[in-house]
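Here is how the chains run, residue by residue.
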Amino acid sequence: MPDLPAAPLRPVDDDEVAAFRRDGVVHLPGVLPAAWLDHLAGPVEAAVADPTVTTDMTALRAVLSDADHPPVDRPRFLSGVDHWRHDPAFAAFATGSPLPAIAGTLLDAQHIHLYEDSVLVKEPGTTEATVLHQDLGYFHLEGDRICTTWVPLDPVDAETGAVSYLRGSHRSGLVHRPNWFVVGDPLPGAAGESVPDVLDDDPRFVAFDVRPGDVVVHHAATLHRAGPNRSTTRRRRAVSVRYCGDGTTHLLRLGSPGKPHHDGSHRDDVHAPVRSGDPVVDHPGCPMVWERPVGSNR
Ligand SMILES: O=C(O)CCC(=O)C(=O)O
């Protein structure tokens, strides 16, 4: 584990906590020490260069939409998941950076577990949008204390593919069917409500101009999407880390991509596979990564 700070550069304030609860999303400027961003840069490069750990979403969209495939020399949207499970640099970030404490504060949790991480890179000129979706339908979890932290490694704005969030949608009480991320068709066999048709200019959408050091956190039930990267020169590199807090239970959702600890294939066979209804407790597949300091209300 590198000796990098576990505390955010500044505390998350009351207005930010209130915004997260009201809107289902909050932009936290200037909370991540630059050392963590330096720490991630090489591992992200290695991940996007390795087709065994990232998926070419540009090619996937071409195949799914049966359009102009195969895409040749097109700028690509590359996305991977669960890097922390095989790469100690990602594991250090997901477990030892300020993100778990930030999630704990926003979710008003006593403890925080890591669910998964994800690399999300849109190279300059990437035409793929990330279509409207809700994370909860992909997660084999149930509860209200579940969130995604989105960490930009580059300045990101509307031109380069900022994520936009449908404010208040986390309060719908609905779990939406997961889709292919770059086309709106639902994953085969997946359960849940259809993702609603929402006008592009719906005033509930909010997006943020962000810089390295900022973190955007959204509730797992918040609908969100991201644009293509229309810049010809600027990359859009980001890492998402997803956490859950106390009160969360496992819920194995048909049709959503599974995890090794759901079927018992995790290498630590002392731990039984999890089942629907089990509370999330410390487990190598979903480790506890933060505990509220004694006597702290933050
Ligand atoms: O970065 C993107 O394009 C989408 C990110 C996202 O949907 C997420 O992290 O939950």
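Structure first, text after, so check above.
Residues numbered from 1 in each chain as written. Predicted model: local features only at pLDDT ≥ 70, side-chain atom pairs only at ≥ 80, totals over all residues. Heavy atoms only, no water.

1. Quick word on the overall build of the chain
For clarity, the threshold we go by: Helical segments are the DSSP runs of H or I of at least four residues, strand segments are the runs of E of at least two, and each set is numbered from the N terminus. We take the radius of gyration over the C-alpha atoms and set the globule estimate at 2.2 Å times the residue count to the 0.38 power. Contacts were defined at the residue level, with two residues in contact if any of their heavy atoms lie within 4.5 Å. Computed with a 1.4 Å probe, the accessible areas rest on the Shrake-Rupley method; for each residue, only the protein chains presented here act as cover.
In terms of regular secondary structure, the chain is built from six helices and 14 strands. In terms of overall size, the chain behaves like a compact globule, its C-alpha atoms giving a radius of gyration of 18 Å where 298 residues would be expected to give roughly 19 Å. Overall, the chain is about 55 × 40 × 40 Å in size when its C-alpha atoms are taken along their principal axes. If you take every contact in the chain between residues at least 6 apart in sequence, the share linking residues at least 24 apart comes to 83%. Accessible surface, the chain as shown: approximately 13,000 Å² in total, 55% of it carbon and sulfur.

2. Quick word on the pairing of strand β5 (residues 130–134)
Spelled out, the test is: The classification of residues rests on relative accessible area computed with a 1.4 Å probe and restricted to protein chains. Under 20% of the type maximum is buried, over 50% is exposed, and intermediate values are partly exposed. Two strands form a pair only when DSSP identifies at least two bridges running between them.
Buried residues dominate β5, accounting for four of its five residues. Taken together, the three bridges between β5 and strand β11 (residues 223–226) define a ladder with antiparallel strand orientation. Directly across from H133, in β11, lies its bridge partner H224.

3. Observations concerning the packing of helix α2 (residues 34–48) against helix α4 (residues 88–96)
Stated formally: Interaxial angle, 0 to 180 degrees, is taken between N-to-C directions of lines fitted to C-alpha atoms, where a helix line uses only the stretch in contact. With the far helix as reference, a near helix turned anticlockwise by less than a right angle produces a left-handed crossing, and one turned clockwise produces a right-handed crossing. In this classification, the charged set is Asp, Glu, Lys and Arg, the nonpolar set is Ala, Val, Leu, Ile, Met, Phe, Trp, Tyr, Cys and Pro, and all remaining amino acids, among them Gly, are polar.
Two elements in contact, α2 and α4, have axes whose closest approach is 9 Å; the angle formed by their N-to-C orientations is 145°. Between α2 and α4 lies a crossing whose hand is left-handed. In this structure, α2 contributes W36, H39, L40, P43 and V44 to the contact, and α4 contributes A89, F90, A92, F93 and G96. Considered class by class, the residues forming the contact of α2 with α4 number eight nonpolar, two polar and no charged.

4. Considerations on the site of the ligand
In plain terms, the rule: Any residue with at least one heavy atom within 4 Å of a molecule or strand is counted as near it. For this analysis, a polar contact is any N or O atom pair within 3.5 Å, provided that within protein one partner can donate a hydrogen and the other can accept it, and provided that sequence-adjacent residues contribute only side-chain to side-chain pairs.
Within the structure, the ligand sits among 14 residues, and T130, H133, R236, S240 and R242 are positioned closest to it. Between the ligand and the protein, one listed contact pairs an oxygen atom with a side-chain N or O atom of T130 at 2.6 Å. A distance of 2.9 Å separates an oxygen atom of the ligand from a polar side-chain atom of H133. Broken down by secondary-structure element, the contributors of at least two residues to the shell around the ligand are β4 (111–122), β5, β7 (146–152), β11 and β12 (236–245). For the shell around the ligand, the element with the highest residue contribution is β12, accounting for three residues. Considered class by class, the residues forming the shell around the ligand number four nonpolar, six polar and four charged.

5. Some details on helix α1 (residues 14–23)
Selection rule: This arc corresponds to the set of directions leading from the helix axis out to the C-beta atoms.
For α1, the complete set of buried residues consists of E16, V17, A19, F20 and D23. End-on, the buried residues of α1 take up no more than an arc of 160°, which puts them together on one face. The exposed set on the far side of α1, more than 90 degrees from its buried face, consists of D14 and D15. If you follow the buried residues of α1, they end up packed against β1 (25–28), α5 (99–107), β7, β8 (163–166) and β10 (215–219). Looking at where α1 begins, the residue whose side-chain oxygen comes 3.0 Å from the main-chain nitrogen of D15 is D13. Phi turns positive, to about 80°, at G24, one or two residues after α1.

6. A few points about the sheet that holds strand β9 (residues 205–207)
One open sheet accounts for four strands, arranged β5-β11-β8-β9; its pairing is antiparallel. Edge positions in the sheet fall to β5 and β9, since each of these pairs with one other strand and no more. Going across the sheet, the axis of each strand differs from the next one's by a mean of 25°, ignoring polarity.

7. Describing the nonpolar core
Basically, it comes down to this: By nonpolar core is meant a set of buried Ala, Val, Leu, Ile, Met, Phe, Trp, Tyr and Cys residues that side-chain atoms within 4.5 Å join together.
Membership of the largest hydrophobic core comes to 43 residues, with the highest contact counts inside it found for F93, L106, V217, V239 and Y243. In this structure L106 touches V12, E16, V17, F20, R21, V26, L28 and V217, once residues within four positions along its chain are discounted. Formed by 30 residues, the second largest nonpolar core is a distinct cluster that contains L120, L141, W150 and C286.

8. Remarks on the side chain of S240
Mapped onto the fold, S240 is located in strand β12. The class of S240 is buried, set by a relative accessible area of 1%. Those residues in contact with S240, other than ones at most four positions away along the chain, are E116, D117, S118, L120, T148, T149 and W150.

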